[in-house]
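# Inside the fold
Residues per chain are reported as follows:
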Amino acid sequence: MGCGSSLPKNTGPVGISPQLKKLLVGGGEDAEGSPPSSIDLASEEYRNAKAVDGQLWGELIRAGYVHLYYNHDTCNKINVFPIPDGDTGTNMIITLRNAITALGSSPEKDIKQLVQQIAGLTTLNAQGNSGTIFSFFFGKVSTLVSEAKQDDGSIDLRTFATILTKVGE
């Protein structure tokens, strides 16, 4: 009898159950996936947007999360430092999951409020090295958005692009 003999035998495929998948993508246990977008990103209004508000940023983050969820195995394969444990994408999903859930069916319209919320939740839920680094991205976005001039809860597109460039540096 070895050390692992008390562990249950693997009786089925290894992976994520459909119920857990629904929770990870968002929308709750009975939902079909993430909630529908609260805005139509393909509409004339958003194709010609001159500013980014919290609702737009929240929907873009939600769409990015869903994309990351479906492609996290690719991210898992790039994990080599400090040890190749293959959990980069998984840790990024765990880090962002509660922030995505907090968006609800309609993200906060004030971008300053929304970036602070996302930064706080990703920092609190950072998982592993990759999750911690990922949370730094959202923290830096929050800091720079807070420093930017805003009058109506949004930031002009040029300023927001500059913020993202600075974060990338």
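These numbers were taken from a predicted model, which means no experiment stands behind them. (Residues numbered from 1 in each chain as written. Predicted model: local features only at pLDDT ≥ 70, side-chain atom pairs only at ≥ 80, totals over all residues. Heavy atoms only, no water.)

### A short note on helix α7 (residues 157-168)
An ideal rise of 1.5 Å per residue puts 16 Å on twelve residues; α7 measures up with 16 Å between its terminal C-alpha atoms. Residues of α7 that are buried include every one of Phe160, Ile163 and Val167, and no others. Summarising the axial view, the buried residues of α7 lie within an arc of 55°, below the 170-degree limit, and thus occupy one face. Set apart from the buried face of α7 by more than 90 degrees, the exposed residues are Arg158 and Gly168. Capping the start of α7 is the job of one residue whose side-chain oxygen sits 3.3 Å from the backbone nitrogen of Arg158: Asp156. (Helix = DSSP H or I, 4+ residues; strand = E, 2+ residues; numbered from the N terminus. Expected span 1.5 Å × (residues − 1). Buried < 20%, exposed > 50% of the residue type's maximum accessible area, 1.4 Å probe, protein only. Arc of directions from axis to C-beta. Polar contact = N/O pair within 3.5 Å; in protein donor to acceptor, adjacent residues only side chain to side chain.)

### A look at the pattern of salt bridges
A full pass over the atoms with the stated rule returns two salt bridges. Ionic pairing is found between Glu44 and Arg47, a salt bridge with its closest N-O pair at 2.6 Å. Placement of the pair is Glu44 and Arg47 together in helix α2 (residues 44-47), with a separation of three residues, close to one helical turn. Overall, the relative accessible area of 55% leaves Arg47 in the exposed class. (Salt bridge = Lys/Arg side-chain N within 4 Å of Asp/Glu carboxyl O.)

### Some thoughts on the packing of helix α4 (residues 88-103) against helix α5 (residues 111-124)
Where α4 meets α5, the axes come as close as 8 Å, and the angle between the chain directions of the two elements is 145°. Here α4 and α5 pass one another in a crossing that is right-handed. Here Thr95, Leu96, Asn98, Ala99, Ala102 and Leu103 of α4 lie close against α5, whose contacting residues are Leu114, Gln117, Ile118, Leu121 and Thr122. A per-class count over the contact of α4 with α5 returns seven nonpolar, four polar and no charged. (Axes fitted to C-alpha atoms, helices over the stretch in contact; angles between N-to-C directions. Left-handed = near helix turned anticlockwise from the far one by under 90°. Contact = heavy atoms within 4.5 Å. Nonpolar A, V, L, I, M, F, W, Y, C, P; charged D, E, K, R; others polar.)

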